[in-house]
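Residue-level structure breakdown
Residues per chain, in single letters:
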Amino acid sequence: MKIWEHNPRYNFWRGYVDLCTRTQFSRVIVEGKEKFPTDGAVMLGPNHCGALMDALLVLLLRPHEPIGFGARADIFRKPVVAKILRWLRIVPLARERDGIQEVAKDFEVIDEIVEALAHDLPFCLFSEGTHRAAPGMMPVKKGIFKIARQALESASRPVYVVPVGLEYQYFFHEMGRAAIRVGEPLELGRFIADRAEMPDAAIYRELCEELRQRDLALIDRWGERRHDRKLLRALLGVLLLPFFILLAAASFPIWLPAEIILSRIKDKAWTHTVYFALRLFLPLFWPFFAGFAPLANYYRNLYVDFKKY
């Protein structure tokens, strides 16, 4: 099945997945959905700071509607995993470091992406080419623009690359707030036409920097957390402690396995994804974990404030 084709099972489970994503955080802020182009092919170029959780947040831009994704090819090596990822409309894209033989397979995948764009399936490619759990952005890779340009050359309508900013209040802790912000779309054909006298390499450099700046303008907007009123907060913490212990005991099937798994993973950008997966398969413990996680962050922040100030 092509990633753009109708998939009843995908549509059935999508609502549940979106619900899990929204309840993963104390609040999910979605801004700029009205900027999503409707008159052409759309490629989304978000920053990448939360592993698989980033893709799940991007899906909230189109509730009940699919979005295709590209991911690094090495995670498709196991046939079962590859089958599941394709069912999720995720296709493999090799990087130069993977070797010439693997990169050669990209041509067929890119053709499928272009075909998907022609069938009005938005496609998301994380523009940095890798992820890191940190503010800011690394340099943007030109792969997203090469695919968009191929789509432009085979289509008779505009092709847009849309900046998307993804932001988490906590990179390494559960819950907190998350934000998805859509910026002003970049119409590829017009951008290239305005630079017709420039060599391709220079055009791609400008495109990469333009997307990076537009993404950067959408992130790092959380205000500084207050560090005062420590004694009052400590008193409240004492009063809430019995509830915290009760909720911790009731939700341990989620947080305990998550902590064990994360202790064995060096890349802590997977924090939200690990918690999401456990909540996805253990919905009976949602209510307890929804109370436990904010209190855990409350005590964690209180400890940090007493330690530093």
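This text goes with the structure placed above it.
Below is a short write-up of the structure. (Residues numbered from 1 in each chain as written. Predicted model: local features only at pLDDT ≥ 70, side-chain atom pairs only at ≥ 80, totals over all residues. Heavy atoms only, no water.)

**What to know about the packing of helix α9 (residues 230-250) against helix α12 (residues 286-308)**
Two elements in contact, α9 and α12, have axes whose closest approach is 9 Å; the angle formed by their N-to-C orientations is 145°. Handedness of the α9/α12 crossing: left-handed. Contacts between α9 and α12 involve K230, L231, R233, A234, L236, G237, L240, L241, F244, L247, A248 and A250 on the former and, on the latter, F288, G291, F292, L295, A296, Y298, Y299, N301, L302, D305 and F306. Along the lines of polarity and charge, the residues of the contact of α9 with α12 split into 17 nonpolar, three polar and three charged. (Axes fitted to C-alpha atoms, helices over the stretch in contact; angles between N-to-C directions. Helix = DSSP H or I, 4+ residues; strand = E, 2+ residues; numbered from the N terminus. Left-handed = near helix turned anticlockwise from the far one by under 90°. Contact = heavy atoms within 4.5 Å. Nonpolar A, V, L, I, M, F, W, Y, C, P; charged D, E, K, R; others polar.)

**Thoughts on the nonpolar core**
With 39 residues, the main nonpolar core has L44, L57, V58, F69, Y168 and I180 as its most contacted residues. Put simply, the parts of the chain that give this core at least two residues each are α1 (8-23), β2 (41-46), α2 (52-59), β3 (68-72), β6 (159-168), β7 (177-182) and α11 (271-281). In terms of residues, this core owes the most to one element, α2, which gives six residues. If we ignore the near neighbours within four places in the chain, the residues touching V58 are L44, P46, I67, F69, C124 and L166. In terms of nonpolar packing, the next biggest core, distinct from the first, is built from 33 residues, L125, F145, I147 and L211 among them. (Core = buried A, V, L, I, M, F, W, Y, C linked by side-chain atoms within 4.5 Å. Buried < 20%, exposed > 50% of the residue type's maximum accessible area, 1.4 Å probe, protein only.)

**Re the layout of surface pockets**
Of the pockets and cavities examined, the second largest pocket occupies roughly 350 Å³. Together, 14 residues line the second largest pocket, and Y170, E224, R225, H227 and N301 are the ones closest to its centre. (1 Å grid on protein atoms, 1.4 Å probe; cavity = no way out; pocket = protein on both sides within 12 Å on 5 of 7 lines; lining within 4 Å. Points joined across faces, edges and corners; volume = space filled by probe spheres on them.)

**Remarks on helix α5 (residues 106-118)**
For α5, with 13 residues, the first-to-last C-alpha span of 18 Å sits near the 18 Å given by 1.5 Å per residue. Considered for burial, the residues of α5 that qualify are D106, V109, I110, E112, I113, V114, A116 and L117. Looking at the residues trailing α5, positive phi occurs at D120, about 65°. (Expected span 1.5 Å × (residues − 1).)

**Things to note about the packing of aromatic side chains**
Counted by the stated rule, this structure contains 13 aromatic pairs. When the centroid spacing of 5.3 Å and the interplanar angle of 20° are considered together, the rings of F244 and F292 count as stacked. Here F244, found in helix α9, pairs with F292, found in helix α12; they are 48 residues apart in sequence, far enough to count as distant. According to the relative accessible area criterion, F244 is buried, its value standing at 18%. What links up through ring pairs into an aromatic cluster is the set F244, W255, Y275, F289, F292, Y298 and Y299. Here the basic side chain of R89 rests over the ring of Y10, its NZ or CZ set 4.3 Å away from the ring centre. (Phe/Tyr/Trp six-rings, centres within 6.5 Å; stacked < 30°, edge-to-face > 60°. Lys NZ or Arg CZ within 6 Å of the ring centre and 35° of its normal.)

**Brief notes about unusual backbone geometry**
One non-glycine residue, H64, adopts positive backbone phi at about 70°. For H64, the location among the structural elements is in the loop between α2 and β3. Of note in the backbone geometry, R229 takes a positive phi value of approximately 55° without being a glycine. Mapped onto the elements of the fold, R229 is located in the loop between α8 (200-216) and α9.

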